[in-house]
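# Residue-level structure breakdown
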Amino acid sequence: MGLPGELGLLKLEQPWHAGERLLQGKQGTVHTSDEMGPRIYHKVIPESYRDMVGPQPHFMVSFFDPDANACWSSLVFARPGFADCETSDGTHIDVAAALDPRDAAAVAGMMKPGIMVGAVAIDFMTRRRNRFNGVISHVDQNGHFSIRITQAFGNCPKYITRRRVQRMGENLEFVTEPVMEASEIGALEQSIITSADNMYFGTGTAEHGADMNIRGGSPGFVRVLHSGSTICWPDYTGNGFYMSLGNVQLQKNASLVFVDWDATGHGVQVAGSVHTIERSEVVDTEMLKVLEEEPQALRLVVMSVHGLRSIPRYSPHVYEKVELSPYNPRAQGSGPEYLAVLQWVRQESQEVRTFELQLAPLPKPGSVVLKPEQHVRLALPALQGKEASPPERTWTVTSSPQWFADHARFQISVKLKHGGLASTWLHQLSREEMKSANIHFLGFSGEFGPQLDPSSGELRSQVSMPRHSVFLTAGIGSTPAVAALAALVESAPRPETLTIFSSVREISELAFLQRLAEAGRTLAQLSVSYRAVILLTGSDSANEMKKLEMMLKQNSISSVQVEAGRLSTKLLTDYLPEAMQVSENIEAFLCGPAGFESAARDAWTAAGFPSSAIRSESFAY
Ligand SMILES: Cc1cc2nc3c(=O)[nH]c(=O)nc-3n(C[C@H](O)[C@H](O)[C@H](O)COP(=O)(O)OP(=O)(O)OC[C@H]3O[C@@H](n4cnc5c(N)ncnc54)[C@H](O)[C@@H]3O)c2cc1C
């Protein structure tokens, strides 16, 4: 048996194998995969990923034994800090916890050096997820183990339900309640599987190693068919790389693990053989019904169940659901009640337009509530020939709920994404088309900003508000800062200081200068010390900086400053000297493209601020 890293999988210039290529070809993502592949793969865990592994009380691992062609997906639970990749400089993850002895992989003797593993660390609250593939390199007498890393890569926050640990398991001794083994799915297991909003999918091949990833959606997205012998789920749009489904094109034995996160902690591990069926090739009547209910499924993924283990109290922790992913296709039957009728549009910059929308019919008082700093989910009309079902997208609400007493009116600010379906459609609508554009309102959600408590989603009290709020934003990632400004100008709670860093390449991309400046005047009267810092990062930034400074001077705007160059540790320490003294009383809101996000994290921690103070939101998949 060879080890994956040694077999050339990680030749960075071409990381994709034939199975992945097959699906990339079908989906038309070969080009982007080629472009992105070498950029996303790391041979050791990069520093900017390491901080999020330790704080999790759970770690998801799939085991693949190439000799037996066997695969099991497992979950390891313990106190935060048990999984560590800091001490080995990212070459290993050391897991100071053992698998539950009742776990299928433990029973199958897969916890031993040489077994291929895929792992995923997920911070449910922030939806950050990083994946690590490698090989078990060491197991001690307590069952604690180390994984030698061959691949590490970040992954999108899409389809991840936000959850928090409501009660951390106190006695982490394994329970001895017996496990039920079966070859088909029983009633209890079926109810756990079909009410799940996430599951973990382990795959592997002898040549390319193991892989583990989350699959998520609205509860009910996983179906049990054929009297319990088949599990079926829709394949939604993802990053288009097809790492897991690519593996099953080459080697079909795969595994799933489900947990009843929010109640009993019951675990269900399933092993079976997996294949994919394109929409046009589905003939089975039960699967045709799934397709009907899942218009956004690109294809179906089908597992013929070979065996399962049903494990009482698998998770010692009890979690609590906070919010489903704004990317989830709508659950069946939750049809939209309101149209969102476009009222007017304003050009903010070359590529950003603000749209005001009004719900129709007018909701009954209190039936639709918009909290500050939230985003809205809208379904646009099906665009002929582009996407079979109405595209659903999410946009930050950049108006304040208090601007419109009935919460039935709101604004979004949309950047034109070249080649993007929804933003192009919105930007191209003529004034006449706007009123009759058939846009459906799917709801407000989220709590990304200083006013809402991230754990309850409710308005914070002034006392629980950190003294310093900092926005680290780039490009259209500045909309949450604009939303927060709208909220903070209207009402308390407010931080003592608010600093917004907003990076753009050039002035023509700067969308919200007026709003940044106007907020300065009002916040000064409200005793909030406020500063917005525009970072010009393009090649002509020195000239652009002079131009913008002149503009600000002419308009007597003193709360907005300009800098040339990217966000750096020096800039953070220069602009946040008071905050450096009270680093436990600071909160940063990070939003921008992936490259910016990781550079900003590095700059933030290098400046001495705690990485735990960062809350981030991603607009990308
Ligand atoms: C919380 C949040 C807040 C956001 N706020 C803003 C904002 O304030 N301003 C702004 O301009 N953008 C914002 N976005 C991004 C926005 O949702 C769109 O992605 C963006 O406008 C581009 O959309 P598009 O259709 O033009 O591009 P596309 O490339 O066509 O699609 C964009 C995204 O939708 C996904 N997608 C495409 N088809 C499907 C499908 N069938 N099912 C599921 N996903 C699919 C794509 O994978 C891609 O991730 C936000 C996103 C999130 C999650």
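Bear in mind the structure is a predicted one, so any value in this text is a computation, not a measurement. (Residues numbered from 1 in each chain as written. Predicted model: local features only at pLDDT ≥ 70, side-chain atom pairs only at ≥ 80, totals over all residues.)

From N to C terminus, the protein includes 15 helices and 29 strands. Since a compact globule built from 621 residues should have a radius of gyration of about 25 Å, the 25 Å found for the protein is in line with a globular shape. For the protein, the spread of C-alpha atoms along the three principal axes comes to 75 × 55 × 45 Å. Per-residue burial for the protein yields a buried fraction of 46% across its 621 residues. Long-range contacts, defined as pairs at least 24 residues apart, comprise 76% of the intrachain contacts of the protein with a sequence gap of at least 6. (Helix = DSSP H or I, 4+ residues; strand = E, 2+ residues; numbered from the N terminus. Rg over C-alpha atoms; globule rule 2.2 N^0.38 Å. Buried ≥ 20, exposed ≤ 12 C-beta atoms within 10 Å, placed from the backbone. Contact = placed C-beta atoms within 7 Å.)

Attention now goes to the site of the ligand. With respect to spatial proximity, 26 residues lie near the ligand, and among them Thr396, Gly420, Ala422, Ser423 and Thr479 are the closest. Those elements giving two or more residues to the shell around the ligand turn out to be β21 (392-396), β22 (409-415) and α8 (421-428). A class-by-class count of the residues in the shell around the ligand yields 11 nonpolar, 10 polar and five charged. (Near = placed C-beta within 6 Å. Nonpolar A, V, L, I, M, F, W, Y, C, P; charged D, E, K, R; others polar.)

Pairing within the open sheet is antiparallel, and its six strands lie in the order β21-β20-β23-β18-β19-β22. Every interior strand has two partners, whereas the edge strands, β21 and β22, have only one. Pairwise comparison of adjacent strand axes, ignoring direction, gives a mean angle of 40° for this sheet. For strand β20 (residues 375-379) and strand β23 (residues 440-445), the ladder comprises five bridges, and the chain directions are antiparallel. Paired with Leu378 across the two strands is Phe441, which belongs to β23. Where α8 meets the sheet, its contacts fall on β19 (352-360), β21 and β22, and the angle it forms with β22 comes to roughly 110°. (Pairing = 2+ DSSP bridges. Axes fitted to C-alpha atoms, helices over the stretch in contact; angles between N-to-C directions.)

It is worth spelling out the domain arrangement of the protein at this point. According to the domain assignment, the protein contains domain 1 (4-323), domain 2 (338-445) and domain 3 (468-617). Between domain 2 and domain 3, the C-alpha centre-to-centre distance is 26 Å. Taken residue by residue, the interface counts 14 residues in domain 2 and 15 residues in domain 3. Here the side of domain 2 that touches domain 3 is built from residues that sort into three nonpolar, eight polar and three charged. (Domains from an automatic or database assignment.)

Strand order in this open sheet of six strands is β27-β26-β25-β24-β28-β29, and the pairing throughout is parallel. Pairing within the sheet leaves two strands with one partner each, and these edge strands are β27 (560-564) and β29 (614-617). Within this sheet the neighbouring strands show an average axis-to-axis angle of 15°, counted without direction. Bridging between strand β26 (residues 529-536) and β27 involves five bridges; their strand directions are parallel. Residue pairing across strands places Ala532 opposite Val560, the latter belonging to β27. Sheet strands in contact with helix α12 (residues 541-554) are β26 and β27, and its direction is about 170° off that of β27.

One finds Phe63, Val76, Ile93, Val117, Ala119, Leu256 and Phe258 to be the most contacted residues of the largest nonpolar core, which totals 87 residues. Considering each element in turn, this core owes the most residues, seven residues, to strand β16 (residues 299-311). Contacts of Phe63, omitting those with residues within four sequence positions, involve Cys71, Trp72, Ser74, Ala105, Met110, Ile115, Val117 and Ala210. Val482, Leu516, Leu536 and Leu572 belong to the second largest nonpolar core, which has 70 residues in total. (Core = buried A, V, L, I, M, F, W, Y, C linked by C-beta atoms within 7 Å.)

Quick look at the environment of Glu490 now. The topology assignment puts Glu490 in helix α10 (residues 479-490). Overall, Glu490 belongs to the partly exposed group, with 14 C-beta atoms counted inside 10 Å. Distance in space between the C-alpha atoms of Glu490 and Thr522 is 9.4 Å, their sequence separation being 32 residues.

Time to look at the pairing of strand β11 (residues 209-216). Among the eight residues of β11, eight are classified as buried, and the element is accordingly described as predominantly covered. Here strand β10 (residues 198-205) pairs with β11 via eight bridges, running antiparallel. Note that in β11 the partner of Gly202 across the bridge is Met212. Counted along the chain from β10 to the antiparallel partner β11, the turn is three residues long.

A few words on α10. Look at α10: 17 Å from first C-alpha to last across 12 residues, which is about the 16 Å you get at 1.5 Å a residue. With 11 of 12 residues buried, α10 lies mostly within the body of the structure. For α10, the complete set of buried residues consists of Thr479, Pro480, Ala481, Val482, Ala483, Ala484, Leu485, Ala486, Ala487, Leu488 and Val489. (Expected span 1.5 Å × (residues − 1).)

Moving on, we come to the pairing of strand β14 (residues 253-259). Of all the seven residues making up β14, seven are buried; the element is thus mostly covered by neighbouring parts of the structure. Residues Asn253, Ser255, Val257 and Val259 point to one face of β14 and Ala254, Leu256 and Phe258 to the other, with burial holding for every one of them. Across three bridges, β10 lies against β14 in antiparallel orientation. Following the sheet pairing, Phe201 is matched in β14 by Leu256. Bridging between β14 and strand β15 (residues 267-278) involves seven bridges; their strand directions are antiparallel. Looking at the pairing, Val257 lines up with Gln269 of β15.

Here the focus is the packing of α10 against helix α11 (residues 513-525). A pair of packed helices is characterised by two quantities: the angle between their axes and the separation of those axes. Axis separation between α10 and α11 bottoms out at 10 Å; the angle between their running directions is 25°. The orientation of α10 relative to α11 falls into the category roughly parallel. The handedness of the crossing between α10 and α11 comes out as left-handed. Together, Val482, Leu485, Leu488 and Val489 of α10 and Arg515, Ala519, Thr522 and Leu523 of α11 make up the contact between the two elements. For the contact of α10 with α11, the residue count by class is six nonpolar, one polar and one charged. (Parallel < 35°, antiparallel > 145°, perpendicular 65-115°, else oblique. Left-handed = near helix turned anticlockwise from the far one by under 90°.)

Here helix α1 (residues 18-27) crosses helix α6 (residues 243-250) at 115°, and the two axes come no closer than 7 Å. Every pair of crossing elements has a handedness; the one defined by α1 and α6 is right-handed. The residues of α6 that touch α1, namely those facing Ala18, Gly19, Glu20, Leu22 and Leu23, are Met243, Leu245, Gly246, Asn247, Gln249 and Leu250. Along the lines of polarity and charge, the residues of the contact of α1 with α6 split into six nonpolar, four polar and one charged.

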